[in-house]
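Structural features, examined
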Amino acid sequence: MALDRTTLEFYAQEAAAYTTRGQKHSPHLDAFLKALPPNARILELGCGAGQDSEFMLAQGFDVRPTDGTPEIAQAAAQRLKIPVDTLLFADLDDADAYQGVWANASLLHVPKQELSKVIGLIHRSLTSGGVFYASFKAGQSDGRDQFERYYNYPSEDWLIAVYNAFDWQRVDVKSELGSGYDQKPTDWLHVTAIRN
């Protein structure tokens, strides 16, 4: 099953702090939305405080926000005024249901050996031509951060190979220096894939 109990416990314990930081929506969201038709059906995996879903909803998209931590899903639902499902990645069982899947800084917690399975479930959930965005903290081997959260820390080549096990029109990877909850400089990989 694609989860790490210690990581989920961190988010459960830190839900209030994590969801009240006044975060703005992701700067990568605009390009993702431009690739979709108006009013597209979008699944957000790991919605956190709900700021990205809030932005997508305001743009007229049909969004299903989800998070793997019940406490965070509840906080996001209060912000969004719509239901937010508690969903673990491995429990995704939709097929041809979404024109977009948005997974900003969430799949980076999937155990490395499980990531291919989860990407396969996401691929199946998309319609033909559907757009899938995910971001990862780059590295060479998996491990834990100062908060004991698990990260898969993939290299770009390894990640591309995982994606290429499925039928995509294209897979684009962009690297970028940024930061995260820990405020440390971080090498990020931003992946956008279009389903055939």
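My aim in this report is to walk through the structure given alongside it, one point at a time. Bear in mind the structure is a predicted one, so any value in this text is a computation, not a measurement.

Comments concerning the sheet that holds strand 5 (residues 126-137)
Pairing in this open sheet of 7 strands is mixed, and the strands run 3-2-1-4-5-9-8 from one edge to the other. This sheet does not close on itself; its edge strands, each paired only once, are strand 3 (85-86) and strand 8 (168-178). The pairing of strand 1 (residues 41-45) with strand 2 (residues 62-67) spans 5 bridges and is parallel. Directly across from Leu 45, in strand 2, lies its bridge partner Thr 66.

Structural notes on the pattern of salt bridges
Two side chains bearing opposite charge may form a pair once their charged atoms approach each other closely. Within the structure shown, the criterion is met by 8 salt bridges. In this structure, Arg 195 engages Asp 96 in a salt bridge whose closest nitrogen and oxygen atoms are separated by 3.1 Å. With a gap of 99 residues between them, Arg 195 in strand 9 (residues 186-195) and Asp 96 in the loop between strand 3 and strand 4 (98-103) connect regions that are remote in the sequence. Arg 195 gets classed as buried once you look at its relative accessible area, which sits at 17%. When salt bridges with common partners are traced through the structure, they connect Arg 64, Asp 85 and Asp 94 into a single cluster.

Rules and cut-offs
- Residues numbered from 1 in each chain as written.
- Predicted model: local features only at pLDDT ≥ 70, side-chain atom pairs only at ≥ 80, totals over all residues.
- Heavy atoms only, no water.
- Pairing = 2+ DSSP bridges.
- Helix = DSSP H or I, 4+ residues; strand = E, 2+ residues; numbered from the N terminus.
- Salt bridge = Lys/Arg side-chain N within 4 Å of Asp/Glu carboxyl O.
- Buried < 20%, exposed > 50% of the residue type's maximum accessible area, 1.4 Å probe, protein only.

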